[in-house]
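# Structure at a glance
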Amino acid sequence: MIQLKTIDELRLMKESARLVSKTLGMLAKEIKPGITTLYLDKLAHDFIKDHGAEPAFLGYGGFPNSLCISPNEQVVHGFPNNDIVKEGDVLSVDCGVILNGFVGDHAYTFEIGEVKPEIKKLLQVTKESLYKGIEQCIRGKRIGDISHAIQAHCEKEGYGVVRELVGHGLGRKMHEDPQVPNYGRQGSGKVIKDGLAIAIEPMVNMGTEKVKFHNDGWTVTTLDNMPSAHFEHDVAVINGKPVLLSTFDYVYEALGIVSDEEKQFQLDF
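Below, the structure is looked at part by part. Starting afresh in each chain, residues are numbered from 1 along the sequence in its written order. Confidence filtering applies because this is a predicted model: local features only for residues at pLDDT of at least 70, side-chain atom pairs given and counted only at 80 or more, and all residues used for totals across whole chains, interfaces and linings. As a rule here, side-chain values come from all non-hydrogen atoms in the structure, and water together with hydrogens is ignored.

### A word on the sheet that holds strand β6 (residues 160-161)
Convention followed: Two strands make a pair as long as DSSP finds a minimum of two bridges between them. Secondary structure is summarised from DSSP: a helix means a run of H or I of at least four residues, a strand means a run of E of at least two, and numbering begins at the N terminus for each.
Strand order in this open sheet of three strands is β6-β10-β13, and the pairing throughout is antiparallel. Edge positions in the sheet fall to β6 and β13 (228-230), since each has one partner strand and no second. Pairing of strand β10 (residues 203-205) with β13, which is carried by three bridges, proceeds in the antiparallel orientation. Directly across from Val204, in β13, lies its bridge partner Ala229.

And the structure:
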């Protein structure tokens, strides 16, 4: 059952989501060749705790870290470790917090130094598809409209859209109804209503959409070992329209990126 949220609940969820955004922005200043992902995990853990919150991933289903960090061909759920981050890598960083009883959960794929143009394009198109999906979060439309918009944008560029992993409802739990696939038919799925709060998260592969689930119970890689990208936002429907709870502004500030991509989805409430 979908748990629609009140405005007061969405305000609390925005605080949770923005703490994730600030954590990703802090990490953006530290991500560079030569560091380890375990170093980033420790930074994030301390930052979240220092802001009066708890890392949502730590201990979730037995997950041992505060971040999921997935380099290159890893799609999601990568374990932070002592491997050295190298020039030309890409690093998908997924972060969650629990603050005021609500979960914030979003992700960004970072370029490490200079990456190949074809990988840069994969990241660009994947992030564009995220906003294509957000545009469909309109009262009266359906979840399948979000899914179709993401799929169509990525597949026209020849990319593989992962089927086995999906976005989700969000609230007091990290995974609530409804599931939000990144592929699907227009006009299918649950009707979108005011108070809906969801995490939309395209997971898109340069090659095949097929993935491999590893024996550790968490790590997911592309079947052909080609790169993957992952971007995620927390979105609410207010007065019939999509409103971002999370933001990439802190990441962009750290990286010196100028963008107005979120402008139409911003609302003070």
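### Section: the sheet that holds strand β12 (residues 220-222)
Note the threshold: Each axis is a line fitted through C-alpha atoms, and for a helix only the stretch in contact is used; angles between axes span 0 to 180 degrees, taken between their N-to-C directions.
Taken in spatial order, the three strands make up an open sheet running β3-β12-β11, and their pairing is antiparallel. On the outer flanks of this sheet lie β3 (74-76) and β11 (211-213), each paired with one strand and no other. Averaged over all pairs of adjacent strands, the angle between strand axes in this sheet comes to 40 degrees, irrespective of strand direction. Bridge count for β11 against β12 is three bridges, and the pairing is antiparallel. Across the sheet, residue Lys212 finds its bridge partner in β12, namely Thr221.

### Examining helix α3 (residues 117-135)
For clarity, the cut-off: In a helix, the anticipated span is given by 1.5 Å times the number of residues less one. Using a 1.4 Å probe on the protein chains alone, a residue whose accessible area is under 20% of its type maximum counts as buried, one over 50% counts as exposed, and one in between counts as partly exposed.
Over its 19 residues, α3 extends 27 Å from the first C-alpha to the last, a length consistent with the 27 Å expected when each residue adds 1.5 Å. Buried residues of α3: Ile119, Leu122, Leu123, Val125, Thr126, Lys127, Ser129, Leu130, Tyr131, Gly133 and Ile134, and no others.

### Description of the side chain of Gln151
Here Gln151 lies in helix α4 (residues 143-155). The buried category is assigned to Gln151, whose relative accessible area is 14%.

### Re the packing of aromatic side chains
As a reminder, the rule being used: Classification of ring pairs rests on two measures: the distance between centres of Phe, Tyr or Trp rings, Trp counted by its six-membered ring, which must be within 6.5 Å, and the angle between planes, read as stacked under 30 degrees, edge-to-face over 60 and tilted in between.
Using the criterion set out here, one finds nine aromatic pairs in the structure. Each ring, one from Phe63 and one from Trp218, has its centre 5.0 Å from the other, and the planes form 75 degrees; the classification is edge-to-face. Of the two residues, Phe63 is situated in the loop between β1 (54-55) and β2 (67-71) and Trp218 in the loop between β11 and β12; the sequence distance between them amounts to 155 residues. Classification of Phe63 as buried rests on a relative accessible area of 2%. Ring geometry for Tyr108 versus Tyr252: centroids 6.2 Å apart, planes at 75 degrees, classification edge-to-face. Within this pair, whereas Tyr108 is found in strand β5 (residues 102-111), its partner Tyr252 is found in helix α5 (residues 249-255), the two being separated by 144 residues in sequence. Given a relative accessible area of 6%, Tyr108 falls into the buried group.

### Here's the deal with unusual backbone geometry
A cis amide bond links Asp177 to the next residue, Pro178, at an omega of 5 degrees. In this structure, Asn72 takes a positive phi of about 55 degrees despite not being glycine. Summarising the element assignment, Asn72 is placed in the loop between β2 and β3. Of note, the phi angle at His77 is positive, near 65 degrees, even though the residue is not glycine. Structurally, the position occupied by His77 is in the loop between β3 and β4 (90-99).

### Digging into the nonpolar core
The cut-off we apply is this: The definition of a nonpolar core used throughout is a set of buried Ala, Val, Leu, Ile, Met, Phe, Trp, Tyr and Cys residues joined through side-chain atoms within 4.5 Å. Contacts are assigned to residue pairs that have any heavy atoms within 4.5 Å of one another.
If you look at the biggest cluster of nonpolar residues, it comprises 56 residues, and the most contacted ones within it are Leu27, Ile146 and Ile200. Top element by residues in this core is α3. It accounts for seven residues. Excluding residues within four positions of it along the chain, Ile200 makes contact with Leu130, Gly133, Ile134, Cys137, Ile146, Ile150, Phe231, Glu232, His233 and Val235. Counting residues in each nonpolar core, the second largest holds 17 residues, with Phe102, Val103, Trp218 and Ala236 among its members.

### Considerations on the packing of α3 against α4
For any two helices packed against each other, the geometry comes down to the angle between their axes and how far apart the axes lie. Our working definition: Should an angle lie under 35 degrees it is considered roughly parallel, over 145 roughly antiparallel, and from 65 to 115 roughly perpendicular; all remaining angles are considered oblique. Note on convention: near helix rotated counterclockwise from far helix by under a right angle means a left-handed crossing. Clockwise means right-handed. Basically, the charged four are Asp, Glu, Lys and Arg, the nonpolar ten are Ala, Val, Leu, Ile, Met, Phe, Trp, Tyr, Cys and Pro, and anything else, Gly included, counts as polar.
At their nearest, the axes of α3 and α4 sit 8 Å apart, and the two run at 155 degrees to each other. In terms of axis orientation, α3 runs roughly antiparallel to α4. Relative to α4, the crossing made by α3 is right-handed. Between α3, through Val125, Glu128, Ser129, Lys132 and Gly133, and α4, the contact on the second element is made entirely by Ile146, Ala149, Ile150, His153 and Cys154. Per-class residue counts for the contact of α3 with α4 are five nonpolar, three polar and two charged.

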